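# Structure at a glance
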Amino acid sequence: MQAVPEPVVQAPAAAAAPAAPPAVVVAETVAATEPQATSIEPEIPETRAVAAAPAAAAPPAVVEKPETSKRPKAAAKLYGSRTLAQWIKLAVGAVAAAAILVLAARGVTTLPGVPEFLERYPGEYSLPQSADAGFPWWAQWTHFLNIFLMVLIIRSGYQVRTQQKPPAFWTPKSGGKKISINLWLHQSLDILWLANGLIFAVLLFASGRWMRIVPTSWEVFPNALSALLQYMTLDWPVENGWVNYNSLQQLMYFLVVFIAAPLAAITGVRMSEFWPKNAKTLNKAYQVEVARALHFPTMLFFVLFILIHVFLVFATGALRNLNHMFGGTDVINWTGFWLFAAAIAITTAGWYAARPIVLAPIAKLFGQVSSR
Ligand code: HEM
Ligand code: HEM
C-alpha cells in the first residue's frame, strides 16, 4: 500500500522537472544548430560576416549563461556523477536488451517451420562458379589503403562540419574559391580514395572475385535473414570467409562498396567546386541541399558499418580473419595480427600528421595557403 503515496509524490516532481528543461533544451538546440549551419561553408568568411548577424541570435544562450554561471563547478560535479550513473544505467539497459533479443531469437528458432527454414537456408549459398579462394595482394592493399583514407576522410569531414574557425585556408592555383584547409584535405583524400576504389573494382571484376561480394541469387535474402537470426542467437553462422562470405556479410559488403561509396562520392562532388555550376537543369533536378542532406547520413552509415564489421572480425576468429585480409593466408598464427597492428599504427600516425603544420606545405604545392 506504500506504493500509492509514492507515485503521487513523485508524479508532480517528475512532471515539473521535465517541464522546465525543454525551454533550455530548445535554446541549446538552436544555439547548437545555428553555428553548424554557418560552419557548413567556412570557406567564405566574408559573406559569413554578413550572415553572422543572424548568428547573433545565438547570444540568448550566452546571455543566459551569467544566470547559470554559478552552476558550472557544482554542475560539473553533478553532471559528472549523473553521467556516470547514466552510463551505468545505459550499459545495464544495453546488456538487458541484448539478453532479451538473444532469448527472443532463440525462441523464434523453435517456432514451427523455423528449424526447416534454417536448414533450407543455412546462411550462405554457393558461388555460381568456383571463384579463386583467398585474398590476393591487391585486395589486401586496397583494403588497407581504404582503412587509412577512410579514417582521415571521416575526421576531416567531421571537422568541415563542426570547426567554425578553420586554422587555415586554401585557394587553388587557378584562382578558384577559397576553402578551409579541412575541406582541402577532405577532398584531396577523396580523390585518392576514389582512385583506390576504382583500382579495387577493376581488379575485382577482372579476377572473377566480384561474385564474393555481389549477390548472384535471390537466395541471398532468405540466407541473410537466416544468418542474422543465427548471429542473434549467438550460435553464429559457420565462418568460411576464405572461400565464401555468408549472405548477410555479402549484402553488407555489396552495400558499402556499390551503394554507400558511390553515394558519398556523388553527393560530395555535388557540393564541391568540381561540380559544374552552369548546368542549370541538372542543378535544378539534383539540388545541392539534397546532396548535403544525404552526405552526412552516408558517413554515419560508414561509421556504423565499420564498428560492426571490426567487432565481428574480432569476435568470429580474430587471428584467422586478420590473416585473411592482412596476411593473405588461411592459417592461424599472429602474422596477420601484427600486420593489422602496423596498419593501425600507420593510420594513427596519419591522424596525428593531419595538422596544419604538416598539411600547409603540401597544400602549397597545389595552391595558396592563408591563415584567413
Ligand atoms: C580496423 C579496421 C578493419 C579491419 C580489422 C577489417 C578486417 C577485415 C577482414 C578480416 C576482412 C575479411 C573477412 C573474412 O575473411 O571473413 C574484411 C573484408 C572486408 N572489409 Fe574490412 N576491415 C576493417 C575496415 C574496413 C573498412 C573501413 C571498410 C570499408 C568502409 C571495410 C570493408 C571491407 C570489405 C568491403 C570487405 C570484403 C572485401 C573483399 O572480400 O574483397 N573494412 N575486412
Ligand atoms: C568522393 C567522395 C567525397 C567527396 C567529393 C566529398 C566532398 C565533400 C564536400 C565538398 C564537403 C563539404 C560540404 C559543405 O561545404 O557543406 C563534404 C563534407 C563532409 N564529408 Fe565528404 N566527400 C566525399 C566522401 C566522403 C566520405 C566517404 C565521408 C565519410 C565516410 C565523408 C564525410 C563528410 C562529412 C561528415 C562532411 C561534413 C558534412 C556536413 O557538414 O554535414 N565524405 N564532403
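Structure's up top.
Starting from 1, residues in each chain are numbered consecutively following that chain's sequence as written. Numbering of ligands from 1 and lettering of chains from A proceed in the order in which they are written. Owing to the predicted nature of the model, reporting of local features is limited to residues with pLDDT of at least 70; listing and counting of side-chain atom pairs is limited to 80 or more, with chain, interface and lining totals taken over all residues. As a rule here, side-chain values cover all heavy atoms of the structure and leave hydrogens and water aside.

### Focus: the overall build of the protein chain
The number of helices and strands found in the protein chain is 15 helices and three strands. Residue exposure (1.4 Å probe, protein chains only): buried if accessible area is under 20% of the type maximum, exposed if over 50%, otherwise partly exposed. In the protein chain, buried positions account for 31% of the 372 residues. Put simply, DSSP H or I for four residues or longer makes a helix, DSSP E for two residues or longer makes a strand, and each gets a number counted from the N terminus.

### With respect to the site of ligand 1
Being near a molecule or strand, for a residue, means having at least one of its heavy atoms within 4 Å of it. Taken together, 23 residues surround ligand 1, and among them H143, R209, Y245, H309 and H324 come closest. Here an oxygen atom of ligand 1 sits 3.5 Å away from a polar atom, N or O, in the side chain of Q249. Identification of polar contacts relies on pairs of N or O atoms within 3.5 Å, with a donor-acceptor requirement for protein atoms, meaning one able to donate a hydrogen and the other able to accept it, and with residues adjacent in sequence counted only if both atoms are side-chain atoms. A distance of 2.6 Å separates an oxygen atom of ligand 1 from a polar side-chain atom of H324. Counting residues per element, the ones that place at least two in the shell around ligand 1 are α7 (137-162), α10 (247-271), α12 (288-315), α13 (318-327) and α14 (335-353). With six residues, α12 is the largest single contributor of residues to the shell around ligand 1. Residues are sorted three ways: Asp, Glu, Lys and Arg are charged, Ala, Val, Leu, Ile, Met, Phe, Trp, Tyr, Cys and Pro are nonpolar, and all the rest, Gly among them, are polar. Split by residue class, the shell around ligand 1 holds 15 nonpolar, seven polar and one charged.

### So, the coordination of the iron atom of ligand 1
Around the iron atom of ligand 1, the protein contributes the donor atoms H143 (NE2) and H309 (NE2), at 2.0 Å from the metal centre. For the iron atom of ligand 1, the six donor atoms in the first shell make angles of 87 to 180° at the metal, so the coordination geometry reads as octahedral. Pair noted here: H143 is in helix α7 and H309 is in helix α12, with a separation of 166 residues, a long-range link. Sodium, potassium and calcium take a 3.2 Å donor cutoff, other metals 2.8 Å, and in both cases only N, O and S atoms count; water is not among them, so sites may look incomplete. Geometry is assigned from the angles between donors: four donors with all angles from 85 to 135 degrees make a tetrahedral site, four or six donors whose opposite pairs exceed 155 degrees while the rest stay between 65 and 115 make square planar or octahedral sites respectively, and everything else is labelled irregular.

### Some thoughts on a nonpolar patch on the surface
Each patch is assembled from residues with relative accessible area greater than 30% and no salt bridge, linking like charges that lie within 9 Å and nonpolar side chains (Val, Leu, Ile, Met, Phe, Trp, Tyr) that lie within 5 Å. Every accessible area reported is derived by Shrake-Rupley at a probe size of 1.4 Å, with residue values counting cover from the shown protein chains alone. Only one rule defines a salt bridge in this text: a Lys or Arg side-chain nitrogen within 4 Å of an Asp or Glu carboxyl oxygen. Taken together, I357, V358, I362, L365 and F366 make up a surface patch of nonpolar side chains, about 510 Å² in accessible area. Mapped onto the fold, V358 is located in helix α15 (residues 356-366).

### Considering the coordination of the iron atom of ligand 2
Protein coordination at the iron atom of ligand 2: the donors are H186 (NE2) and H295 (NE2), at 2.0 to 2.1 Å from the metal. Here the iron atom of ligand 2 is ringed by six donor atoms whose angles at the metal span 86 to 179°, and the overall shape comes out octahedral. Residue H186 is found in helix α8 (residues 181-207), and its partner H295 is found in helix α12; the two are separated by 109 residues along the sequence. Judged by relative accessible area, H186 falls into the buried class, the value being 11%.

### A short note on the packing of aromatic side chains
When two rings of Phe, Tyr or Trp (its six-membered ring) have centres within 6.5 Å they constitute a pair, described as stacked for plane angles under 30 degrees, edge-to-face for angles over 60, and tilted for the intermediate range. This model, assessed by the stated rule, comprises 20 aromatic pairs. Here F205 and F258 contribute two aromatic rings whose centre-to-centre distance is 6.1 Å and whose plane-to-plane angle is 65°, an arrangement assigned as edge-to-face. In this pair, F205 sits in helix α8 while F258 sits in helix α10, placing the two residues 53 residues apart along the sequence. Judged by its relative accessible area of 24%, F258 is partly exposed. Grouped by ring-pair contacts, the aromatic residues F314, F326, W334, F337, W338 and F340 constitute a single cluster. Positioned above the aromatic ring of F135, the side-chain terminus of R209 is 4.8 Å from the ring centre. Criterion for a charge above a ring: Lys NZ or Arg CZ within 6 Å of the ring centre, and within 35 degrees of the ring normal.

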